[in-house]
Amino acid sequence: MSSENLPQSPAQEPRKPRVAVVFGGRSSEHSISVVTAGAVLRAIDREKYDVLPIGITTDGRWALTADEPDRMAIADRTLPSVENLAESTDGGVVLSVDPGNREVVLSEPGSVPKALGEVDVVFPMLHGPYGEDGTLQGLLELSGVPYVGSGVLSSAVGQDKEYMKRVFVSFGLPVGPYEVIRPREWENDPSAARKKIVDFAGEHGWPLFVKPARGGSSMGITKVDDLSGLDEAIEEARRHDPKILVESLLRGREIECGVLEFEDGPRASVPAEIPPVTSHDFYDFEAKYIDSAAGLVPAPLTDEQTAEVRRLAVDAFDAASCEGLVRADFFLLDSGEFVINEINTMPGFTPISMYPRMWQETGVSYPELVDRLIQAALRRPTGLR
């Protein structure tokens, strides 16, 4: 019998890539991660990708959540949480650490584990420790699952402001004065640690900013005008991270710039400026996320200043061996010099976040931005590269 007379199987359409959007987490930035993920879920092209939302609760449980972005926004100054979105309060989602098996399984007490299908790429919308700091990236490397954003080392460097600054200095990038108080210093001899900060203030002047060394979203940061407020500021920072960073006040303008990985390498967006916030002492959490302080996009800079900050942003991206995306934050000093303050390897994607706004002004829409990040992750192998 000729093959042409055999019954033909119907052609199967190719499976769409499956994107697991992972959000929430154990850090103090849990709620902002939920808000960010909601915006990304709303923007992902459902004709092009299948989507699996996975939330991580504040105690570290992975949970299958509702795919309902509207429930993931800040409403009436109330922050969302994975606990309120999880479809079950028991059991959890498990990702295999076998590189040959990308299947996600839902396991609940008293029930047979339920396979949720394979995942082709993870979009880790986590901010802060236990997600943005290389820990989740390490798990995904072990699992052999591609993911959006920087790898283990770059994520860790981008999270720890001390080592971030050390890397920048080693690559010749300008950074401002800073001091570090490690956990053991404060616990063993708080008087010596306090003197270290006071001596720093004597050299660089008050006010100082005391902040968690491995935090974000401006949480735990205090502007300290004199010695009387120092201990309280240290305890507030240590509430988020036992290691703290002390920085001097840099007088100038706050400038931000986005970096995005294209097929031919990283490119920088038009920069933005964070104007002085009159209702807040500085650009803190409330100003960023609750009161929706507006940045200026593009920043009112000269052509030469714009070119310089874009160059420095890409240099910072390369110095830390970043991948996918970065938001680089600078001060433009009164002297005319740019100083890099920090990078964020997974910046906010909320509707008011500066990173997507800068790329929108550069010509990359929000949905295209999300798509480019997913495609870059799918092109990039896990493992050494």
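In this text the structure is predicted, and so the values were computed from the model without any measurement.

A. Representation of unusual backbone geometry in the model. At the junction of tryptophan 206 and proline 207, the peptide bond is cis and its omega measures out at -5° in the coordinates. Put simply, valine 297 and proline 298 share a cis peptide bond, and its omega is 0°. Mapped onto the elements, proline 298 comes out in the loop between α8 (285–290) and α9 (303–319). Phi is positive for arginine 77, which is not a glycine, with a value near 65°. Summarising the element assignment, arginine 77 is placed in the loop between β3 (62–64) and β4 (92–95). Phi is positive for serine 321, close to 55°, though the residue is something other than glycine. In this fold, serine 321 is placed in the loop between α9 and β15 (325–333).

B. Local environment of the state of the cysteines. Applying the stated criterion across every chain, the model contains zero disulfides. Cysteine cysteine 257 remains unbridged, with the sulfur of cysteine 322 as its closest cysteine sulfur at 13 Å. Exposure remark for cysteine 257: the relative accessible area of 0% places this residue in the buried category.

C. Expanded view of the sheet that holds strand β5 (residues 103–107). The strand order across the open sheet formed by three strands is β4-β5-β6, and the pairing between neighbours is antiparallel. A single partner strand is all that each edge strand has here, and the edge strands are β4 and β6 (114–118). In this sheet, neighbouring strand axes are inclined to one another by 25° on average, regardless of whether the strands run parallel or antiparallel. Here four bridges tie β5 to β6, and the two strands are oriented antiparallel to one another. In the strand pairing of β6, glutamate 103 is matched with glutamate 118.

D. Up close: the side chain of threonine 65. For threonine 65, the position within the fold is in the loop between β3 and β4. With residues near it in sequence (within four places) discarded, threonine 65 still touches Phe23, Pro53, Ile54, Gly55, Val82, Leu85, Ala86 and Glu87.

E. Local environment of the nonpolar core. Core analysis: the biggest nonpolar cluster contains 33 residues, and Val21, Phe23, Ile44, Phe123, Met125 and Phe349 have the highest contact counts within it. If you list the elements that add at least two residues to this core, you get β1 (18–24), α1 (30–43), β7 (121–125), β12 (252–262), α10 (354–362) and α11 (366–379). Residues Ala299, Val309, Phe330 and Phe338 belong to the second largest nonpolar core, which totals 26 residues.

F. Quick look at helix α7 (residues 230–238). For α7, the complete set of buried residues consists of Leu230, Ala233, Ile234 and Ala237. The arc enclosing the buried residues of α7, seen along the axis, measures out at 100°, which places them on a common side. Residues of α7 that are buried in the fold lie against α5 (183–188), α6 (190–204), β9 (208–212), β10 (222–224) and β11 (244–248).

G. Molecular detail of the sheet that holds β1. Strand order in the open sheet formed by four strands is β3-β2-β1-β7, and the pairing between neighbours is mixed. In this open sheet, the two edge strands, each paired with only one partner strand, are β3 and β7. Strand-to-strand, the axes of this sheet are offset by a mean angle of 30°, without reference to chain direction. The pairing of strand β2 (residues 50–56) with β3 spans three bridges and is classified as antiparallel. Considered in β3, the bridge of glycine 55 is made with alanine 63. Packing of α1 onto the sheet brings it into contact with β1, β2 and β7, and relative to β1 it is tilted by some 155°.

H. Geometry of the pattern of salt bridges. In the structure shown here, the tally under the stated rule is 33 salt bridges. As a salt-bridge pair, arginine 379 and glutamate 263 come within 3.8 Å of each other at their nearest N and O atoms. Of this pair, arginine 379 sits in helix α11 while glutamate 263 sits in the loop between β12 and β13 (265–268), and the two are 116 residues apart along the sequence. Accessibility expressed as a relative area gives 44% for arginine 379, which makes it partly exposed. A network of salt bridges, in which partner residues are shared, links Glu141, Glu261, Glu323, Arg380 and Arg385.

I. Quick peek at the environment of valine 157. Locating valine 157 in the fold gives a position in helix α3 (residues 152–159). It is 9.9 Å that separates the C-alpha atoms of valine 157 and asparagine 344, two residues lying 187 residues apart in sequence.

So, how was this worked out
- Residues numbered from 1 in each chain as written.
- Predicted model: local features only at pLDDT ≥ 70, side-chain atom pairs only at ≥ 80, totals over all residues.
- Heavy atoms only, no water.
- Helix = DSSP H or I, 4+ residues; strand = E, 2+ residues; numbered from the N terminus.
- Disulfide = S-S within 2.5 Å.
- Buried < 20%, exposed > 50% of the residue type's maximum accessible area, 1.4 Å probe, protein only.
- Pairing = 2+ DSSP bridges.
- Axes fitted to C-alpha atoms, helices over the stretch in contact; angles between N-to-C directions.
- Contact = heavy atoms within 4.5 Å.
- Core = buried A, V, L, I, M, F, W, Y, C linked by side-chain atoms within 4.5 Å.
- Arc of directions from axis to C-beta.
- Salt bridge = Lys/Arg side-chain N within 4 Å of Asp/Glu carboxyl O.

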